[in-house]
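Structural overview
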Amino acid sequence: MRTPFAAIAVAIVRGFVRDKASLFFALVFPLMFLVLFGGLFADRTQSQVDLITVGDVPVLDELPPGAEEAFEETFDVSESDDLDEAIAQVRSGDADVAVEMQGDTLVAHYTLTDQVKAGITQGALRAFVDGTNVQVLAQEAGTPPPYDLQVQQVEDESLSTIQFVTPGLLGWAVAMSAAFGAAATLQGWRQSKLLRRLQLAPVSNRVVVGARLVVTLGIALTQMAVFVGLGAAAFDLRLTGAWWMAVPLVLVGTLCFMALGLLAGALARTTEGAVNAANFMVLPMAFLSGSFFPLDAAPTWLQRISDLLPLKHLNEGMLDVMVRGEAWSAALLPMAVLAGFAVAITLLAAKLFRWETV
Amino acid sequence: MAAILAEGLTKVYGDLRAVDGVSLEVPEGEFVGVLGPNGAGKTTLLEMIEGLRRPDGGTVEVLGEPVWPRNPRLLPRIGVQLQASAFFERLTAREQIHTFAALYGVGPARADEWLERVGLVEKAATRVEDLSGGQAQRLSIACALVHDPELVFLDEPTAALDPQARRNLWDLLRGIHEAGRTVVLTTHYMDEAEVLCQRVAVMDAGQILRVGTPADLIRDLGAPARNLEDVFLHLTGREYRA
C-alpha cells in the first residue's frame, strides 16, 4: 500500500502522462523549436561556397596537410570541362565561383551578388595559393617557413545557434509546464471539488502540495535530460564545465514558475482561464527573456525590463554554466533571484487563494 | 453520544443569511435526511458540520469532537461524498479508489471490495471521465465509504441516476446504515427520503422548518397530505427556486 504522499504523486503523474495536450506542451512543442533552431538555422550563416573547377586545377589538388580539411569545410566542389557553362552557372547564382588554371595562375570567376561569400572566396583562395607557394618555396630553400599560424577556438560571447537556443528553450519549456501544471491542477481540483475532498481526508496540505511539487520538479528534470540529450546527440551541443549547476538552477526556477502558475490559478475562475493566464504571463516573458533570440541587440530599456522577469535570470544562469563555461558560482546569483521571486509570488498567490470559486 | 450536535449555526454571505441559526441533533446510528429546495442552505449547513466552512455563529460537534479548525482526529471517522466529479483526473475507477484508500491508510484489497459492492468491477479499468453519470456517482460513494467511516454525508447521491441504479443505491445505503453507521443525506426526491430516512429535516431560507419522521410530518399536516412531497410543498411553497 502506498503512503498518502506517494498515492497523490502517482495519481498526478498518471494524470500528466495521460494528458496528451500537457505532454505535448511540456516536451514535444519546445523540442520542435529546438529542432527548428538547432537544425534549420544552424548553418544559415556559414553555408559552404559552391565552387566549380574547370579542367585540371593542380594547386587545389596539392594543398598542404591541414589546409585540405579547411578547404573542404569552406568549399563544396564540383567539376566541369566547359568554362562558359561554369561561368553561366555562377552568373545565374547556381554556383558561387568558377576557377580555372591559366598557366600558373589560378583564375577565379565570381559575382558580387553575395558580398560575404565573394569575400570568403577571394580570401580563402588567396590563402590556399599563398600556402602552397610557401610550402613549395620552403622545400626548395630547405628551411621551414619562419612564421606559423595555429588557431585555437575560445568560448566566445557569440555562441553557435544550438549552444544558445538549448538553455533558452529549456528555460521556456520548464517555465511553461511548471506554470501550466500548477495553474491547471489548482483550478481543476478546485472546480471538481477535489481540493475540498482532500481537505476532508486525513492528509495535510503539506502532503498534497509536496506531492505536486515533487512531480513538477521531476517533470522539469526530465525535460532537461531530453533537451540536453537530444541537443548533444543530434545537434552537437557541447556542455561546459559546471553544467551540473543547471540542475539546481532548473529546480529553483521550477519553484518560481509553479508559484506563478498558482497565482494564475488563484486569480482565474475556470481551468481554461487559469491556463490562459499562465500562457499570458509565460509567453511574452519568454520573448523578453531571450528564450528564442538573444537580447544583446535589444534596446537598453528593453534589457532593463527583462531584468525584472524571472525567466531572464533562469536563462542567463543556464547559459553561463551550460555553454559559456563559467564557474559553478555563476549560477548562485540567478538562483537567489529566482528564489526571491518564488517566495514573493507564492505569498501573493496564497493571499489571493480561495478554496472555492464563489 | 450524538453523532452530530449543532446549535445556532449561522453563515452569512453579504446580505444573505445562507444558514440562519440552525440547531440539529442526530443520534448515532440514525439515517437522517435534509430536504429543501435549491438555495435553501442545505449544502452550506452540511459543509459547516463537515468542518469545511467556519460558522459565523453557533457551535457544532461531530462524534464528540469539535470540527473547526480542521480536526485530523475526526477526519478518518467521517466519510463525505461531495459530488460525482471530485476525482483525480484521468485515473481509472480502480486507480481512483485505490488512491482514496491510500489517503486513509486502507489497503487495495478492501478498495477492490468496495468496487465490487457498488457494481463497478467491470468498469475498473475505465477512466473516470468515461464513466456514465450513475457509475461516477457510485464510484464517488465508494470512495467516501472505503475507509469504513462511522458517519457518512451524502450530497444528492441519487441525482442523475436511472431508476435501476437508484434502487440499487438505496439497497447499498440501507446496508451501510444497518451495519451501524450514521447517515446524513440530502435529496430532492421525497420518495427516497420517505423510504430511507428515519427522520427528515425540511429546510428553506437558511432555517429548518420542521423535523420529524416522515410519517409524523404527513400526519401532522392532516387531510391534504398524502405523502412527504405534499408536506414539502406545503412548507416551502410552490414558487420556482434558483
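Please refer to the structure higher up on the page.
Now for a quick tour of the structure. (Residues numbered from 1 in each chain as written. Chains lettered and ligands numbered in written order. Predicted model: local features only at pLDDT ≥ 70, side-chain atom pairs only at ≥ 80, totals over all residues. Heavy atoms only, no water.)

Some details on the interface of chain B and chain A
Many descriptions give the size of an interface as the accessible area lost when the pieces come together. Our working definition: Note on definitions: a residue-residue contact is assigned when non-hydrogen atoms from the two residues lie within 4.5 Å. Buried area: the sum, over both parts, of the accessible surface (1.4 Å probe) that disappears when the two are put together. Counted as salt bridges are all cases of a side-chain nitrogen of Lys or Arg within 4 Å of a carboxyl oxygen of Asp or Glu. Side-chain atoms alone can form a polar contact between residues adjacent in sequence; in general such a contact is a pair of N or O atoms within 3.5 Å, and within protein one must be able to donate a hydrogen while the other accepts it. Numbering of helices and strands runs from the N terminus; a helix is a DSSP stretch of H or I covering at least four residues, while a strand is a stretch of E covering at least two. Each residue gets one of three labels, nonpolar for Ala, Val, Leu, Ile, Met, Phe, Trp, Tyr, Cys and Pro, charged for Asp, Glu, Lys and Arg, and polar for the others, Gly among them.
With 31 residues of chain B in contact, the opposing surface of chain A contributes 24 residues. When chain B packs against chain A, close to 2700 Å² is buried across both sides, 60% of that on carbon and sulfur atoms. A salt bridge links B:Glu95 to A:Arg18; the shortest N-O distance between them is 2.7 Å. Taken together, the links from chain B to chain A amount to 14 residue pairs in polar contact (both at pLDDT 80 or more). With five residues, the single largest contributor to the side of chain B that touches chain A is helix α2 (residues 93-103) of chain B. Considered class by class, the residues forming the side of chain B that touches chain A number 17 nonpolar, six polar and eight charged.

Notes on the nonpolar core
Under the convention used in this document: We define the nonpolar core as a collection of buried residues of types Ala, Val, Leu, Ile, Met, Phe, Trp, Tyr and Cys that are connected through side-chain atoms lying within 4.5 Å of one another. When a residue's accessible area, from a 1.4 Å probe over protein chains only, is under 20% of the maximum for its type it is buried; when over 50% it is exposed; and in between it is partly exposed.
Core analysis: the biggest nonpolar cluster contains 66 residues, and A:Trp189, B:Phe88, B:Ile97 and B:Leu139 have the highest contact counts within it. Setting aside its immediate chain neighbours within four residues, B:Leu139 contacts B:Phe87, B:Ala93, B:Gln96, B:Ile97, B:Leu115, B:Leu120, B:Val128 and B:Leu131. Ranked by size, the runner-up nonpolar core spans 59 residues in total, among them A:Trp172, A:Ala246, A:Cys256 and A:Met335.

Let's talk about the side chain of B:His177
As for its placement among the helices and strands, B:His177 is situated in helix α5 (residues 163-178). Classification of B:His177 by relative accessible area gives buried; the value is 15%.

Considerations on the sheet that holds strand β4 (residues 57-62) of chain B
All names here are of chain B. Spelled out, the test is: We call two strands paired when DSSP finds no fewer than two bridges between them. Whenever a helix is involved, its axis is fitted only over the stretch in contact; in every case the axis is a line through C-alpha atoms, and angles between N-to-C directions fall within 0 to 180 degrees.
Overall, antiparallel pairing links the four strands, which are arranged β2-β1-β4-β5 in an open sheet. Since the sheet does not close on itself, it has two edges, and those belong to β2 (16-27) and β5 (65-66), each with one partner. Against the sheet, helix α1 (residues 42-50) touches β1 (2-13), β2 and β4, its axis set at about 125 degrees to β1.

What about the packing of helix α7 (residues 161-191) of chain A against helix α9 (residues 205-235) of chain A?
Residue and element names in this part refer to chain A. Heads up, the condition is: Angle categories: roughly parallel below 35 degrees, roughly antiparallel above 145, roughly perpendicular from 65 to 115, and oblique for all the rest. Helix crossings get a hand from a simple test, with the near helix turned counterclockwise from the far one by less than a right angle marking a left-handed crossing and a clockwise turn marking a right-handed one.
Where α7 meets α9, the closest approach of the two axes is 10 Å, and the angle between their N-to-C directions is 155 degrees. Accordingly, the angle class assigned to the pair α7 and α9 is roughly antiparallel. Considering the relative orientation of α7 and α9, their crossing is right-handed. Residues Ile-162, Thr-166, Leu-169, Leu-170, Ala-173, Val-174, Ser-177, Ala-178, Gly-181, Thr-185 and Trp-189 of α7 pack against Val-208, Arg-212, Thr-216, Ile-219, Ala-220, Gln-223, Met-224, Phe-227 and Phe-235 of α9. A class-by-class count of the residues in the contact of α7 with α9 yields 13 nonpolar, six polar and one charged.

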